[in-house]
Amino acid sequence: MSVPSAQPPPETEPPRLGAPSAAAAGLKAVGVTAALVGRMGVARGVRALLDVNQADGFDCQSCAWPSPDRDRHTFEFCENGAKAVADEATPLKIGREFFAAHSVAELAARSDHWLNAQGRLVEPLVLRPGATHYAPIAWDDAFQLIAAELRTLPTPDAAAFYTSGRTSNEAAFLWQLLARQFGTNNLPDCSNMCHESSGAALTESIGIGKGTVTLEDFDHAEAIFVIGQNPGTNHPRMLSALASAKARGATIVSINPLPEIGTERFKNPQDFLHPLKALPTLAGEGARLADLWLQSRIAGDLAVFKGLMKAMLEAEDAAPGTVLDHAFIHGHTHGFEALAADLRAAHWGEIIGASGVAENEIRAAAAIAIQSRATICCWAMGLTQQPEAVTTIQQVVNFLLLRGSIGRRGAGACPVRGHSNVQGDRTMGICERVPAWIDQLDVEFGFVSPRAHGLDTVEAIRAMHDGRVRVFVAMGGNFLSATPDTEFTAAALRRCALTAHVSTKLNRAHLVTGRTALILPCLGRSERDVQSGGEQLVTTEDSMGIINSSRGRLAPASPGLRSEVAIVCGLGEALGLRAPWREFAANYDLVRERIARVVPGFEDYSRRVRAGPFSLPNAPRERREWRTATKRANFFVAPIPPSVAGPGEFVMMTIRTHDQFNTTVYGLDDRYRGVFGGRRVVFMHADDIAALGLMQGQRVDLTNRHGGAERVARGFMVAPYRIPRGCVATYFPEANVLVPIGSTAAGSNTPTSKFVVVTIAAAGG
Ligand SMILES: Nc1nc2c(c(=O)[nH]1)N[C@H]1C(S)=C(S)[C@@H](COP(=O)(O)OP(=O)(O)OC[C@H]3O[C@@H](n4cnc5c(=O)[nH]c(N)nc54)[C@H](O)[C@@H]3O)O[C@H]1N2
Ligand SMILES: Nc1nc2c(c(=O)[nH]1)N[C@H]1C(S)=C(S)[C@@H](COP(=O)(O)OP(=O)(O)OC[C@H]3O[C@@H](n4cnc5c(=O)[nH]c(N)nc54)[C@H](O)[C@@H]3O)O[C@H]1N2
Ligand SMILES: [Mo]
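All values derive from a computational prediction rather than experimental measurement.

(A) Quick peek at the pattern of salt bridges. On inspection of all chains with the given rule, the structure shows 42 salt bridges. With a closest N to O distance of 3.4 Å, Lys83 and Glu79 form a salt bridge. Of the two residues, Lys83 and Glu79 both sit in helix α3 (residues 79-89), four residues apart, roughly one turn of that helix. Residues Lys83 and Glu79 agree in their burial class; the two are buried. A salt bridge links Arg468 to Asp466; its shortest N-O distance comes to 3.0 Å. Here Arg468 falls in the partly exposed class, since its relative accessible area comes to 48%. Note on Asp466: relative accessible area 49%, which makes it partly exposed.

In structure tokens:
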């Protein structure tokens, strides 16, 4: 019997390289959206899209960018939101016949694109020890099976309960309750691979692990820095906020090794889609969004920000009292003198060398910051997935603090979250660390939760690998393909007694399994959720701390599906844990009542969220109150990290195409970057291609040797690109096999998915 493959198969057709499309969004996005409506079936498609991000509809499954409080467009979504909806609302289904016809090994030989395209999972499935095929299982039997495996464990800490960021607040709250009542804080989540570095940095700097801006601040910002983020693909609705800020006269700076087109030119698809607006002429080039693009090297950001702050300090010294916000620095911060001393001692030569950005460009960006009375810094994975992610983000905060740009209208820190409810899941206690409100949880449910730290994602993989964790249960996600070091993680999962996934769609994590495996199919957010207590709504928190209600309207893909809340309750009951699981599953208001009593900021939860979106408290934003060790906002000093790539080595980032949501591959094009029909490409500087004696279109193998192990990714096509020399880029998840489990960010343990040292050689050589 062949072992199911942990990696996608080679591509049969080579990707085609063409011209990147000229402008982000625009009419092409309208065409793509119209085609997707067709794929869902016209009536179902229109129904679904009309409900996206409406006050009485459902929260878009794609990103966590907020929707306006008022004046929502008829179409409050983007092309990629439409893809996410279409992917969930597909009329295709896979049930017992499909799984009887295809063995697990056969499925594992298919591409990720193919697996996802087969349709929705419709009934619970089990892969028994030694079996080659999944077979149906009744819901109650599935719960009993998990409970039985959990009960045989030597300690509750031999189980891990993973969460991906689509889970609603209600399901997340019950999920952490279940894990903690069972007796463990092993609650790894996707945040460990995502914005963990932001949370760690911001908590130390300003006393809250979240951002400090609202959407309204974009109406008042004078400068917006977009750092290590590709909003045109990953947060397309953010482009509207940037475009209107720019139209008002705000200046936009992009700091990125790549010329991401969304920050270069943008046409607002709302202008095309809005039924009342006439079609504009097609000739328009779209708005040029970034006024200045600093093309930094990978991980050059810490040096860029040192340079920016050094230039600001020099300007202040030349004209004292004109640049820094001294009242704010004296009244609210700690550590300014040490920072100033560090900046004065920093050498421009080192800054330029490490950042790859010319001094005059850094000075130009500093001039923009100096002129701005309200600056916002936005960032995403380009900063968080670096070895020095935490200290780098703290330099970004330093930069804001120097001019008092936190807790002021139009200004602040804006880590742009990924998954649509990843922030809410954390607020609900999905975290391997103990939440601040743990005592209230214990009182509310009459038990004593564990106080020792649990395992994060990387630690959970290691624990499975060496046999300390034997049961792995996932609330959503694709643990195998989203995590680093694919073959290491595969070995870890194969060593488990049981791996179980609550999922909407088939993915590779269902195919590389423990001795027994389960797939528990759940309702998607676009679907009606009717329980014995009537039709239910759930809630989510967006990237700016706003709580929205979400209610699907489509008929469920199958009567065999259960809601995530009902699934957690079914398992809680099978385990005999103490909570009114049946009542919770029947009426989610009862869950919200408990959340209101346990988690601060959720008073009167059910009534308030039905009345409209509401904001969670944010002390730095509202009152310039800093819940840090010093009770002030802290400046942090950090050295510029040394370059670790040796001769012949490259630093590789792993990024998303315009046609995927994390590991879910919708299609094979990345049209903004000019790649069509395939995903196994490596973007390289033309001079690096020539220096290695390679040619455009040639296939190469990439190798990483971190910690003495050899990791190889084969058959990537060379694509010349505007990327700094010494840096290369590949797509996630194909390149995850190269991301070493042992390379994580200091202070957040986030895998360094944007900093992987590789060598490159002709394929098969
Ligand atoms: N359509 C769609 N939307 C999504 C997702 C999706 O897959 N598809 N994923 C969601 C999730 S979970 C997340 S976390 C977000 C991700 O949103 P992004 O963070 O925008 O996603 P990435 O593709 O990882 O892009 C990272 C960006 O960082 C840049 N970068 C890489 N290394 C560096 C560096 O060292 N310094 C700087 N300054 N920049 C660097 C890259 O060039 C790229 O522009 O999007 C969310 N939204
Ligand atoms: N190399 C590299 N690796 C990375 C990254 C990177 O940039 N580079 N990014 C990291 C980041 S930022 C993140 S957030 C993680 C993402 O990690 P995950 O969140 O684990 O992965 P996803 O691909 O988002 O999960 C997709 C699966 O979720 C299931 N699903 C979809 N909707 C629902 C739902 O409503 N409920 C349930 N229960 N299941 C659902 C489907 O079965 C689908 O196959 O990946 C990380 N991995
Ligand atoms: Mo993410």
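Back to the text.
(B) Layout of the site of ligand 1. Neighbouring residues of ligand 1: 31 residues in total, closest Asn256, Glu260, Ala299, Asp301 and Asn662. Contacts to ligand 1 include Asn80, whose side-chain N or O atom sits 3.2 Å from a nitrogen atom. Thr233 is positioned such that a nitrogen or oxygen atom in its backbone is 3.2 Å from a nitrogen atom of ligand 1. Taking 920 Å² as the accessible area of ligand 1 by itself, protein coverage stands at 99%. Among the secondary structure elements, those contributing two or more residues to the shell around ligand 1 are α10 (231-234), α18 (381-384), β25 (650-655) and β26 (660-661).

(C) How the structure looks around the sheet that holds strand β21 (residues 538-541). As summarised here, the arrangement of the three strands in space is β21-β22-β23, forming an open sheet in which the pairing is antiparallel. Each edge of the open sheet carries a strand with a single partner, namely β21 and β23 (614-615). Relative to β23, strand β22 (residues 546-550) runs antiparallel, the two being bridged by two bridges. Counted as the bridge partner of Ile547 is Phe614 from β23. Contacts from helix α8 (residues 169-182) reach β21 and β22 within the one sheet, and its direction differs from that of β21 by about 90 degrees.

(D) Examining unusual backbone geometry more closely. Look at the link from Phe732 to Pro733: it is a cis peptide, with omega at 10 degrees. Following the sequence through the fold, Pro733 ends up in the loop between β32 (727-731) and β33 (756-762). A positive phi angle is found at Ala299, which is not glycine, with a value near 65 degrees. Structurally, Ala299 can be placed in the loop between β12 (292-294) and α13 (301-318). Residue Arg624 is not a glycine yet carries a positive backbone phi of 50 degrees.

Calculation rules
- Residues numbered from 1 in each chain as written.
- Chains lettered and ligands numbered in written order.
- Predicted model: local features only at pLDDT ≥ 70, side-chain atom pairs only at ≥ 80, totals over all residues.
- Heavy atoms only, no water.
- Salt bridge = Lys/Arg side-chain N within 4 Å of Asp/Glu carboxyl O.
- Helix = DSSP H or I, 4+ residues; strand = E, 2+ residues; numbered from the N terminus.
- Buried < 20%, exposed > 50% of the residue type's maximum accessible area, 1.4 Å probe, protein only.
- Near = heavy atom within 4 Å.
- Polar contact = N/O pair within 3.5 Å; in protein donor to acceptor, adjacent residues only side chain to side chain.
- Areas by Shrake-Rupley, 256 points an atom, 1.4 Å probe, with all protein chains shown as cover.
- Pairing = 2+ DSSP bridges.
- Contact = heavy atoms within 4.5 Å.
- Axes fitted to C-alpha atoms, helices over the stretch in contact; angles between N-to-C directions.

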